[in-house]
Amino acid sequence: MRGRSDERGRVLLDALLEGRQEPDLAARAASGLGLPEQGRYAVAVLREGGGGPPGTAVESDGLRFVRRRRGDREIVVVALGDRDPAVLTGLLARWCRGPGGIGPVVDGLAGLGAARRLAEVALLTCPPGTTGIVRLEERLPTALVVSQPELSALLVAKVLGPLLALDPADRALLVRTLDAWLECGGSAGRAAGRLYCHRNTVLNRLRRLERLTSRSLSRPREMAEMTLALDAFRLTTAPP
């Protein structure tokens with residue numbers, strides 16, 4: 001009887017994660033899973049699942065996790081209570097090195113479908129070959145890019161077109177330089193330390209990039225275009 005009850009709860013949970021809208025679905029799922037119908041929930045989508053049997057409820061650090069397997073991905077529903085969702089990245093990393101995405105917090109089991117879809121978007125912001133668990137709130141500009149693949153391709157072609165025509169090694173060097181400069185808050189000196197080169201070398205590469213793209217990194221709108229185009233390029237291109 002316990003097995004049948006658990007399976008019924010898992011079926012209802014799958015229906016919620018798919019975004020199905022049925023009368024009393026959330027209430028029936030809450031009863032079958034032993035979870036509150038109302039409360040703060042988060043959903044994570046992991047590209048590589050962790051250890052342990054799927055579909056089981058796990059309690060850790062005062063949180064309850066319910067795990068479901070879907071093909072090559074694992075979906076984790078987390079009953080947060082009053083906890084900060086920021087703690088989830090570290091906790092989930094114990095099971096899975098990533099990549100993985102965490103959607104925004106929703107109120108009640110009825111919101112799990114939307115939370116799962118947005119967690120999928122968060123996962124899409126992880127470039128190929130990378131690891132780590134990311135939260136959608138930390139990747140909103142990039143999430144906008146990956147949510148519109150046709151516009152992303154157009155943005156890359158429009159902004160980085162001349163860059164794409166370069167030799168792959170030359171192109172990768174300029175991309176790494178721009179990425180390092182952005183990660184270092186626009187400091188050429190700090191970027192030089194990260195790239196193991198002279199500060200003037202970084203500045204020369206950035207000026208070359210500006211000439212190729214006909215955009216200036218000193219103009220906020222043009223820099224925003226280049227930053228979003230860089231995100232789109234990294235998310236659709238294997239690492240060099």
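Cut-off values and rules
Residues numbered from 1 in each chain as written. Predicted model: local features only at pLDDT ≥ 70, side-chain atom pairs only at ≥ 80, totals over all residues. Heavy atoms only, no water. Helix = DSSP H or I, 4+ residues; strand = E, 2+ residues; numbered from the N terminus. Buried < 20%, exposed > 50% of the residue type's maximum accessible area, 1.4 Å probe, protein only. Contact = heavy atoms within 4.5 Å. Areas by Shrake-Rupley, 256 points an atom, 1.4 Å probe, with all protein chains shown as cover. Lys, Arg positive; Asp, Glu negative; His and termini not counted. Charge placed at Lys NZ, Arg CZ, Asp CG, Glu CD. Salt bridge = Lys/Arg side-chain N within 4 Å of Asp/Glu carboxyl O. pLDDT = per-residue confidence, 0-100. Pairing = 2+ DSSP bridges. Axes fitted to C-alpha atoms, helices over the stretch in contact; angles between N-to-C directions. Parallel < 35°, antiparallel > 145°, perpendicular 65-115°, else oblique. Nonpolar A, V, L, I, M, F, W, Y, C, P; charged D, E, K, R; others polar.

### Digging into the overall build of the chain
No. 1: A tally of helices and strands in the chain yields ten helices and seven strands.
No. 2: Dimensions of the chain, computed from the C-alpha atoms along their principal axes, are close to 70 × 35 × 30 Å.
No. 3: A total of 240 residues make up the chain; the buried ones form 42% of that total.
No. 4: Long-range contacts, defined as pairs at least 24 residues apart, comprise 63% of the intrachain contacts of the chain with a sequence gap of at least 6.
No. 5: Entry remark: accessible area of the chain is about 12,400 Å², with carbon and sulfur atoms responsible for 53%.
No. 6: With 35 positive and 27 negative side-chain charges, the chain shows a separation of 5 Å between the mean positions of the two kinds.

### Describing the pattern of salt bridges
No. 1: This structure, assessed with the given rule, holds twelve salt bridges.
No. 2: Among the salt bridges present, the one from glutamate 120 reaches arginine 73, with a minimum N-O distance of 2.4 Å. Here arginine 73 lies in strand E4 (residues 73-79) and glutamate 120 lies in helix H4 (residues 112-124), a separation of 47 residues in the sequence.
No. 3: Judged by relative accessible area, arginine 73 falls into the partly exposed class, the value being 24%.

### Structural notes on the confidence of the model for the chain
No. 1: Of all residues in the chain, 92% attain a pLDDT of 70 or more, and the chain-wide mean is 87.
No. 2: Across the chain, element-level confidence peaks in helix H9 (residues 199-213) with a mean pLDDT of 96 and bottoms out in strand E2 (residues 57-60) with 69.

### Things to note about the pairing of E4
No. 1: Counting buried residues in E4 gives six out of seven residues, a clear majority hidden from the surface.
No. 2: The pairing of strand E1 (residues 40-46) with E4 spans six bridges and is antiparallel. Bridging from a neighbouring strand, leucine 46 pairs with glutamate 74 of E4.
No. 3: When strand E3 (residues 63-70) meets E4, the two strands line up antiparallel, connected through seven bridges. Residue pairing in the sheet places phenylalanine 65 in a bridge with valine 78 of E4.

### Some points on the side chain of serine 216
No. 1: Residue placement: serine 216 occurs in the loop between H9 and helix H10 (220-236).
No. 2: Note on serine 216: relative accessible area 11%, which makes it buried.
No. 3: Setting aside residues up to four positions removed in sequence, serine 216 forms contacts with Glu210, Glu222 and Met223.

### Thoughts on the packing of helix H7 (residues 168-183) against H9
No. 1: At their nearest, the axes of H7 and H9 sit 10 Å apart, and the two run at 110° to each other. In terms of orientation, H7 lies roughly perpendicular with respect to H9. Residue-level contacts link Asp170, Leu173, Leu174, Thr177, Leu178 and Trp181 of H7 to Val202, Arg205, Leu206, Arg208, Leu209 and Leu212 of H9.
No. 2: Here the contact of H7 with H9 is composed, by residue class, of eight nonpolar, one polar and three charged.

### A closer look at unusual backbone geometry
No. 1: Not every positive phi belongs to a glycine, and aspartate 24 is a case in point at roughly 65°.
No. 2: For aspartate 24, a relative accessible area of 56% puts it in the exposed group.
No. 3: Of note, the phi angle at tyrosine 196 is positive, near 60°, even though the residue is not glycine.
No. 4: Of note, tyrosine 196 is situated in the loop between helix H8 (188-195) and H9.

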